[in-house]
Amino acid sequence: MIFAKRATSAFFIIAGAATCGSALAQTSQSDKNDIVWSASGGGWRAMVAQSAYAQVFSKLGILGGDDDTMPQIKVMDGTSGSSWFTAQFAFSQNYFNAVVNGNATSLGQFTKAWMDAYATTQSNILPICGILQELCDMGNSSGAALSMIAELLPLALYYNNSWPEIVHAMYNATSNMVYDDPNMLSVKASSSEKLADLSGVDVCFHTSLLPNARAYDADTITYLAKDYTNVSSSYTVPLPYDYCIGDTDEEWLPSSWPGGNVYNLNKNASFTNSNVVKGFPMFPPKETDGLYVTPEHDKDSDEAIVSLSPAEMSPPFANDPTAVQISVASSSTVGYISEEVASYFAQYFSIQEYGIQHSSSLTEVQKVEMKTVVNKLQDVLWSTGLLANAATMSGWTEPNPDTMPPATESNYWFTDGGYTDGPCAAQSIARYQQKYGTSTPIKLIISNQNYYTNNNNNILDYFNYSGNEGKEPGEFIWPEGVEAGPQTNPQMSKQIFGEAMTAEELNALFAPMSGTNLTMAVLPVATTVDNEPFGVKAGQQVSIAVINLNSNIPTFVVSESVIQAATPGLVSLAESIASSQDLSDQIAAFVGIASTTSAPKPTPDSPPTTATGQTADSTTSPPSSSPSNSANVVGSHMPSMLSWGGLLLVLPLFV
């Protein structure tokens, strides 16, 4: 089914060009506020939800509009699954037209066609598991957990255990089969390629730069440092980075890059017996943990073999990324299982070990056995380099990841932007301030594509609250994850507002939207504070609206059977959001414009349903049998232990 080019429909307002200067002049002469739109990840549910929000915002005239009397979105920023939407929406005219030129029903049809095309990338894959064939054979004759193992292992092997290859195949299928844009795979994320329909809108992709990485073939490790001439300033946490494309420019935020120090490794040393990550913060965090450390590297080398200045590091994607490449860097959600990114890899496993040690359901003997399995897994991955490309390496310069060269000492590595800023509001505000300053109040819309469990910690992190008590903005923190568990890694505090807020106060602000699972909260006006790592400057007043998705569609929609099971819920999600008059009215009221009459709600007569067939109702939770991404040892911002990454905890038993 091809969704080809169409004429612009009556409701869509064609964007007109506006220079930075004219935008500033308009702001100073009008009571209207510019809008910043930031979005969290959430895999395919995030991508689909963003398409529906974009249709609503376009109908309201605030996204890509040219009416100087109306407020306009000046920055749109997304991470992970939301970045897949951004890559297509901002750089493919046919995708853009399919989203904004139509109604809720046509968007549902487009979503169905898109997901069906994506499913073809994971069909007819032979059940071949290599050295793990015994495990796959067990899965084919066992219960649900091992059955999923038997389905996912051949998929991972088919795509060479490479996240870039999986996502590239997804874009290849959908752009060719659904919206007829073969250029999608190679289009540059540049101002010259950004659609004219989004003139005046800066489009950003949020990602996380990892603090150290091994070059497997060279058997070296590079530790990035705040000051590369001072090894004691080596970073312990991922660094937040945005790639932003304006009408006339494209640049990274921040614009500077760290240098690093390169050390030899001992080829014969196991990961768990080496000094590669000795001294780095592990879970649970200690009072003495901080943003910097002096690496002890490995036993056979006590000095850096070379120090690399920022100019000597390789520029990411040769300073000319494609839209696909930058969205892959933004969405490498299982990057923590890449053994190449040593401290990040170890921090993830330290949470697993903590969960094992403090489990109330395991005997002491079982705890020892489980810890042995975890350690063996780390050593197997370290010695083989099997999952290197679960993270994204910046030396990928050609459109097809099949041609990606081996990593060198001067390459950077990226993981999902959610591991430095889930809803990426901090750097989206920083981008606005970079272009327009801090003197004008702005409106911030956060689309929080949360799973049905409460993850308002994502929002609380921007305020002064119990989770960052005693920490200055930008300082070391190991934040809370969803519900009771920690996030997979420590990070820099993303507090950007001076006001205090509690979880109870925030939760009380949310109200449901009829006919959907959405809830929305309008927060009290907040004022920014300085946060140097995120680029935020103090003194700007920000009005904030948060839309929670509250969906039970899993984040990790991978393997043909899971894709097919999730597709009806994703179709319903698109239709229910795009047809919501309640959403349109509330956003219009928030930004200060008159609402529009939305398209008729799609049939059938029954309310929208979720992936498991539930009636869409914000007060209900999915049944325990529904697809879930919450079964971690501790629980955090990570996929299910039945995902590609988590499954591998059992693999050393069969290697």
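It should be emphasised that the depicted structure is a prediction, and the values quoted were computed from it without experimental measurement. (Residues numbered from 1 in each chain as written. Predicted model: local features only at pLDDT ≥ 70, side-chain atom pairs only at ≥ 80, totals over all residues. Heavy atoms only, no water.)

K.L.:
Just to check I follow, could you spell out the overall build of the protein for this structure?
P.N.:
Across its full length, the protein holds 17 helices and 19 strands. Taking all 655 residues of the protein together, 62% fall into the buried category. Summarising the internal contacts of the protein: among those between residues at least 6 apart in sequence, 79% fall at separations of at least 24. Put simply, the protein shows about 22,800 Å² of open surface, and 52% of that area lies on carbon and sulfur atoms. (Helix = DSSP H or I, 4+ residues; strand = E, 2+ residues; numbered from the N terminus. Buried < 20%, exposed > 50% of the residue type's maximum accessible area, 1.4 Å probe, protein only. Contact = heavy atoms within 4.5 Å. Areas by Shrake-Rupley, 256 points an atom, 1.4 Å probe, with all protein chains shown as cover.)

K.L.:
Help me understand the packing of aromatic side chains in this model?
P.N.:
The description of an aromatic ring pair rests on the distance of the ring centres and on the angle between the ring planes. Under the definition given, this model contains 37 aromatic pairs. Look at W163 and F556: their rings are 6.4 Å apart centre to centre, the planes differ by 15°, and that puts the pair in the stacked class. Taken together, the positions of W163 in helix α8 (residues 163-177) and F556 in the loop between β19 (541-548) and α15 (560-578) put the pair 393 residues apart, joining distant regions of the chain. The class for W163 is buried, based on a relative accessible area of 2%. The interplanar angle of 75° and the centroid separation of 5.0 Å between the aromatic rings of Y348 and F349 together place this pair among those described as edge-to-face. You'll find Y348 and F349 in the same group, each marked buried. (Phe/Tyr/Trp six-rings, centres within 6.5 Å; stacked < 30°, edge-to-face > 60°.)

K.L.:
Looking at this structure, I do not really get the packing of α8 against helix α9 (residues 323-330). What am I missing?
P.N.:
Packed helix pairs are characterised by how far apart their axes lie and by the angle those axes make with each other. Where α8 contacts α9, the two axes come as close as 10 Å, and the packing angle between them is 130°. Overall, the two elements α8 and α9 adopt an arrangement that is oblique. The two elements α8 and α9 meet at a crossing, and its hand is right-handed. Of the residues in α9, those touching α8 at W163, P164, V167 and Y171 are V324, S327 and V328. For the contact of α8 with α9, the class distribution of residues is 6 nonpolar, 1 polar and no charged. (Axes fitted to C-alpha atoms, helices over the stretch in contact; angles between N-to-C directions. Parallel < 35°, antiparallel > 145°, perpendicular 65-115°, else oblique. Left-handed = near helix turned anticlockwise from the far one by under 90°. Nonpolar A, V, L, I, M, F, W, Y, C, P; charged D, E, K, R; others polar.)

K.L.:
Help me understand unusual backbone geometry, please; the structure alone is not making it clear to me.
P.N.:
Omega for the peptide link from L253 to P254 comes to 0°, which places this bond in the cis form. Cis peptide bonds are those with omega within 30 degrees of zero, and the linkage from F283 to P284 qualifies with 0°. One can find P284 in the loop between β9 (259-264) and β10 (292-293). Phi angles above zero are rare outside glycine, and C424 is one such case at about 45°. Relative to the helices and strands, C424 is located in the loop between β13 (413-416) and α12 (425-436).

K.L.:
What should I look at first to understand the side chain of D181 in this one?
P.N.:
Inspection of the secondary structure puts D181 in the loop between α8 and β3 (202-209). Contacts of D181, omitting those with residues within four sequence positions, involve F91, S92, Q93 and S175.

K.L.:
What should I look at first to understand the state of the cysteines in this one?
P.N.:
One way to say it: the disulfide is the covalent bond shared by the sulfur atoms of two cysteines. Going through the model one piece at a time under the given rule, you end up with 1 disulfide. Each sulfur in the disulfide pair C204 and C244 lies 2.2 Å from the other. On the sign convention where negative means left-handed, the S-S torsion of about 115° between C204 and C244 marks this disulfide as right-handed. With C204 in strand β3 and C244 in strand β7 (residues 239-245), this pair connects stretches of sequence that are 40 residues apart. (Disulfide = S-S within 2.5 Å.)

K.L.:
Please explain the side chain of N548 as it appears in this structure.
P.N.:
Secondary-structure assignment places N548 in strand β19. There is a polar contact of 2.9 Å between the side chain of N548 and the side chain of N448. A polar contact of 3.0 Å, which involves the side chain of N548, links it to the side chain of N456. Ignoring anything within four residues of it in the chain, the contact list for N548 reads N448, N450, N456, F510, N517, L518 and T519. (Polar contact = N/O pair within 3.5 Å; in protein donor to acceptor, adjacent residues only side chain to side chain.)

K.L.:
What exactly am I supposed to notice about the nonpolar core here?
P.N.:
Side chains of a nonpolar character, in soluble globular proteins, are inclined to be buried together. Formed by 175 residues in total, the largest nonpolar core has its most connected members in W44 and F89. W44 has contacts with W84, W114, M115, Y118, W163, M170, T555, F556, V557, V558 and L570, leaving out every residue within four places of it along the chain. (Core = buried A, V, L, I, M, F, W, Y, C linked by side-chain atoms within 4.5 Å.)

K.L.:
I would appreciate a short explanation of α8 in the present structure.
P.N.:
Note that an α-helix has 3.6 residues per turn; residues three or four places apart therefore point the same way. Spanning 15 residues, α8 covers 21 Å between terminal C-alpha atoms, matching the ideal 21 Å at 1.5 Å per step. The buried fraction of α8 amounts to 12 of the 15 residues, a majority that puts the element mostly inside the structure. Of the residues making up α8, those classed as buried are W163, P164, E165, I166, V167, H168, A169, M170, Y171, A173, T174 and S175. By the N-cap criterion, in which a side-chain oxygen at the helix start approaches the backbone nitrogen of a residue two or three places on, α8 is capped by S162, the distance to E165 being 3.2 Å. (Expected span 1.5 Å × (residues − 1).)

K.L.:
How should the pairing of β9 be read in this particular structure?
P.N.:
Two faces, one strand: in a regular strand the side chains alternate between the faces of the sheet. Among the 6 residues that make up β9, 5 are buried, leaving the element largely enclosed by the rest of the structure. Looking at chain direction, strand β5 (residues 220-225) and β9 are connected through 6 bridges and run antiparallel. From the neighbouring strand, T220 faces β9, where its bridge partner is N264. Note: β9 against strand β11 (residues 306-308), 3 bridges, orientation antiparallel. Across the sheet, the residue bridging to V262 is V306, located in β11. (Pairing = 2+ DSSP bridges.)

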